[in-house]
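This is what each chain is made of:
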2 protein chains.
Amino acid sequence: MSGRCAACKYLRRRCPSDCILSPYFPSSDPQRFTSVNRIYGASNVAKMLQELIMPHLRAEAAETLRYEAQCRIQDLIYGCIGVISQLYINKYKIYTECRLAKTRAEIALMNSDGQEPPQAQVDQQI
Amino acid sequence: MSGRCAACKYLRRRCPSDCILSPYFPSSDPQRFTSVNRIYGASNVAKMLQELIMPHLRAEAAETLRYEAQCRIQDLIYGCIGVISQLYINKYKIYTECRLAKTRAEIALMNSDGQEPPQAQVDQQI
């Protein structure tokens, strides 16, 4: 029974040579399997990996499932969506800050030319 | 057997009055349950909702689980991580575009003052 992957070890079963979970959930990192098993269940993870034929795509899928499971364990309500929301907020913040810096530079340029900045337009832009 | 939620209807079981899935997976929207059941399995979804006591937190969790499941069905390899990656790329793109616009405004301002723009610094900034 030695040489079993983390999934087969956890599920106390024999690890067949063609085990779908074995390459992505090695016994050296049991936490990796525990996370996905808690959120998706071993059979759902196996099913999702089965649907992908290419091994490198399975590896990518196993990694994103692990990341999503980890996010969900850390934040049971929002999971990955918490990260997405934060990125949307950051995106808007960066956009607004850059827009403000650009508008300030434009005002400075107008002032140096002796022009009056178009106040209403500037306010609207910010 | 009428009045069952989408989950109990799908699983062909009686829908108890205290069914944990019932408020979040109404029979009027069977696709909502089908998505989360395909990715997480009904029992895992029920377990996750059980861990949250407040009904409004359960509603939020059910919604984010549905969104994540939908993302995974559409993109079996990357799921939500595909959305996160795209947001990171967009964030960097917006940051770079705004930085470029700001630098161009600064160069224009320096030119109007008769100053030479610090070329090396500008190139580095972009």
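Parameters and conventions
- Residues numbered from 1 in each chain as written.
- Chains lettered and ligands numbered in written order.
- Predicted model: local features only at pLDDT ≥ 70, side-chain atom pairs only at ≥ 80, totals over all residues.
- Heavy atoms only, no water.
- UniProt positions renumbered as here; feature names shortened; annotations may be inferred.
- Buried < 20%, exposed > 50% of the residue type's maximum accessible area, 1.4 Å probe, protein only.
- Helix = DSSP H or I, 4+ residues; strand = E, 2+ residues; numbered from the N terminus.
- Contact = heavy atoms within 4.5 Å.
- Axes fitted to C-alpha atoms, helices over the stretch in contact; angles between N-to-C directions.
- Left-handed = near helix turned anticlockwise from the far one by under 90°.
- Nonpolar A, V, L, I, M, F, W, Y, C, P; charged D, E, K, R; others polar.
- Buried area = accessible area lost by both parts, 1.4 Å probe.
- Salt bridge = Lys/Arg side-chain N within 4 Å of Asp/Glu carboxyl O.
- Polar contact = N/O pair within 3.5 Å; in protein donor to acceptor, adjacent residues only side chain to side chain.

As annotated in an unreviewed UniProt entry, chain A carries the name LOB domain-containing protein and comes from Prunus persica. What UniProt states about chain A under its Sequence similarities (unreviewed entry) heading is, verbatim, "Belongs to the LOB domain-containing protein family."

Caption draft 1: Region of the structure containing helix 2 (residues 30–39) of chain A. For helix 2 of chain A, the complete set of buried residues consists of Arg 32, Phe 33, Ser 35, Val 36, Asn 37 and Ile 39 of chain A. Where the residues of helix 2 of chain A are buried, they touch helix 1 (6–10), helix 3 (42–50) and helix 4 (55–74) of chain A together with helix 3 (42–50) of chain B.

Caption draft 2: A look at the packing of helix 3 of chain A against helix 4 of chain A. Residue and element names in this part refer to chain A. Taken N-terminus to C-terminus, the directions of helix 3 and helix 4 make an angle of 145°; their axes are 9 Å apart at the nearest point. Our pair here, helix 3 against helix 4, has a crossing hand that is right-handed. Packed against helix 3, whose contacting residues are Val 45, Met 48, Leu 49 and Gln 50, the element helix 4 presents Arg 58, Ala 61, Ala 62 and Leu 65 at the interface. The residue makeup of the contact of helix 3 with helix 4, split by class, is six nonpolar, one polar and one charged.

Caption draft 3: Representation of the interface of chain B and chain A in the model. On the side of chain A, 38 residues touch chain B, which itself brings 38 residues to the contact. Here chain B and chain A share an interface that buries about 3600 Å² over both sides, 71% of which is from carbon and sulfur atoms. For the chain B face of the interface with chain A, the top three residues by lost area are Leu 76, Ile 77 and Leu 87 of chain B, together amounting to 16%. Our count for the chain B to chain A interface comes out at four salt bridges. When the shortest N-O distance is used, the salt bridge between Glu 51 of chain A and Arg 38 of chain B registers 3.5 Å. Our count for the contact surface shared by chain B and chain A stands at 14 residue pairs in polar contact (both at pLDDT 80 or more). With 17 residues, the top contributor of residues to the side of chain B that touches chain A is helix 5 (residues 80–112) of chain B. A breakdown of the residues in the side of chain B that touches chain A according to their chemical character gives 24 nonpolar, six polar and eight charged.

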